[in-house]
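# What the coordinates show
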Amino acid sequence: IIFFGDISCQNCNQLQRKLLKANKDNSNLLSSNIRPTTPLQCMRSFVELSLEDIGKKIMIDMNDECQVDIAKTAVKEILQQIDVIFRQNHTELVWHEGSLRDFHIGLDQQIKMLETCGNAELEQVITSPRNRKLQLTRLRIKRYFQRLSDFLKNKKYSLCAWEIVQIQIEACFQLINHYIQRIRSKVTRSKFRMFAMKKFIKQDTLEENFMGRKESEIQSAQQ
């Protein structure tokens, strides 16, 4: 059996479906703990953060031959940064009992899916053009979340600050959904390559067997 880089576990061809479901669950859990309306006293903080469209801040170029690897990298980095944000001082957060723990577990499960079914070679050949693009992707995302982290710190992790940050992270899950849609094509191509390689090996074996029989027939005739 031939295995290629991004098929490193039995069910990795279902990676997109599993990621979409997990992302929906995590997004719903977050949304259920956000107040439906932003309190008036928080509006000043909302304007102060000068929140632009999150897609413009960390949107990655998907018109690229490495788009699947970039999408996986972006999803993983966003999930890791969300996890870091919610491990900061959250005493002002009003979440249902156990919800925050379940939220971290859900994020961790998504990250592990990507690590299990990811490309091992992504971390190799750091100077390659592809890896430079992946590093740039991580850097843009880290810069955005550093801004959110600084905002929380400057506002002393107040309830209003958390309200605004949670709204932004809610939008992040929508962006993750967009990136996950790009992952499927890579798996499909890999399955095709695996099928083609198996067929090639089978054909090559048949040709060797045929040539072997021909040589035996020639030797028998000469005797």
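In this report, we go over the structure that sits alongside the text.

Thresholds, definitions, all that
Residues numbered from 1 in each chain as written. Predicted model: local features only at pLDDT ≥ 70, side-chain atom pairs only at ≥ 80, totals over all residues. Heavy atoms only, no water. Helix = DSSP H or I, 4+ residues; strand = E, 2+ residues; numbered from the N terminus. Buried < 20%, exposed > 50% of the residue type's maximum accessible area, 1.4 Å probe, protein only. Contact = heavy atoms within 4.5 Å. Core = buried A, V, L, I, M, F, W, Y, C linked by side-chain atoms within 4.5 Å. Expected span 1.5 Å × (residues − 1). Arc of directions from axis to C-beta. Phe/Tyr/Trp six-rings, centres within 6.5 Å; stacked < 30°, edge-to-face > 60°. Axes fitted to C-alpha atoms, helices over the stretch in contact; angles between N-to-C directions. Parallel < 35°, antiparallel > 145°, perpendicular 65-115°, else oblique. Left-handed = near helix turned anticlockwise from the far one by under 90°. Nonpolar A, V, L, I, M, F, W, Y, C, P; charged D, E, K, R; others polar. Salt bridge = Lys/Arg side-chain N within 4 Å of Asp/Glu carboxyl O.

## Let's talk about the overall build of the protein
The secondary structure content of the protein amounts to 8 helices and 0 strands. When its helices and strands are written in sequence order, the protein yields α-α-α-α-α-α-α-α. Taken across its 223 residues, the protein has 40% of its residues classed as buried. Sequence separation of at least 24 residues holds for 85% of the intrachain contacts in the protein that already meet a minimum separation of 6.

## Let's talk about the nonpolar core
Residues Ile 82, Phe 86, Phe 103, Phe 145 and Ile 169 are the most contacted members of the largest nonpolar core, which totals 41 residues. Only α1 (15–32), α4 (67–85), α5 (99–117), α6 (129–154) and α7 (159–180) provide two or more residues apiece to this core. Ranked by residue count, the leading element in this core is α7, at 11 residues. The contact partners of Phe 145, leaving out residues within four places of it in the chain, are Ile 78, Gln 81, Ile 82, Ile 85, Ile 169 and Cys 172.

## Here we look at the environment of Leu 114
Looking at where Leu 114 falls in the secondary structure, it is placed in helix α5. Of the residues examined, Leu 114 reaches a relative accessible area of 5% and is grouped as buried. Placed 95 residues apart in sequence, Leu 114 and Leu 19 show a C-alpha to C-alpha distance of 8.5 Å. Once you skip the residues sitting within four places of it in the chain, Leu 114 turns out to touch Leu 19, Lys 72, Val 75, Lys 76, Leu 79 and Ile 183.

## Thoughts on α1
For α1, with 18 residues, the first-to-last C-alpha span of 26 Å sits near the 26 Å given by 1.5 Å per residue. Looking only at α1, the buried set comprises Leu 15, Gln 16, Leu 19, Ala 22, Asn 23, Asn 26, Ser 27, Leu 29 and Leu 30. Looking straight down α1, one finds its buried side chains confined to an arc of 160°; they lie on one side. Residues Lys 21 and Lys 24 are exposed on α1 and point more than 90 degrees away from its buried face.

## Observations concerning the packing of aromatic side chains
Applying the stated criterion across every chain, the model contains 6 aromatic pairs. Centre to centre, the rings of Phe 86 and Phe 103 are 5.1 Å apart; their planes meet at 70°, and the pair counts as edge-to-face. Taken together, the residues Phe 86 in the loop between α4 and α5 and Phe 103 in helix α5 connect sequence positions 17 residues apart. The same class applies to Phe 86 as to Phe 103, namely buried. Taking the centre distance of 5.4 Å and the plane angle of 40° together, the rings of Phe 86 and Trp 162 count as tilted. In this pair, Phe 86 sits in the loop between α4 and α5 while Trp 162 sits in helix α7, placing the two residues 76 residues apart along the sequence.

## Some details on α5
Every α-helix carries 3.6 residues per turn, so stepping three or four residues along brings you back to the same face. With 19 residues, α5 should cover 27 Å at 1.5 Å per step; its first-to-last C-alpha distance of 27 Å lies within 8% of that length. Regarding α5, the residues found buried are Ser 99, Leu 100, Phe 103, His 104, Gly 106, Leu 107, Gln 110, Ile 111, Leu 114 and Cys 117.

## What to know about the packing of α1 against α7
One way to put it is that α1 packs onto α7 with a least axis distance of 10 Å and a crossing angle of 170°. Overall, the two elements α1 and α7 adopt an arrangement that is roughly antiparallel. You can see that α1 and α7 cross each other, and the crossing is left-handed. On α7, the residues that touch Gln 16, Leu 19, Leu 20, Asn 23, Asn 26, Ser 27, Leu 30 and Ser 31 of α1 are Gln 166, Ile 169, Glu 170, Phe 173, Ile 176, Asn 177 and Ile 180. Broken down by class, the residue content of the contact of α1 with α7 amounts to 7 nonpolar, 7 polar and 1 charged.

## Here's the deal with the pattern of salt bridges
Applying the stated criterion to the full structure yields 6 salt bridges. Between Lys 21 and Asp 25 there is a salt bridge; the shortest N-O distance is 3.1 Å. Of the two residues, Lys 21 and Asp 25 both sit in helix α1, 4 residues apart, roughly one turn of that helix. The class for Asp 25 is partly exposed, based on a relative accessible area of 38%. A salt bridge links Asp 83 to Arg 87; its shortest N-O distance comes to 3.0 Å. By relative accessible area, which is 54% here, Arg 87 ends up exposed.

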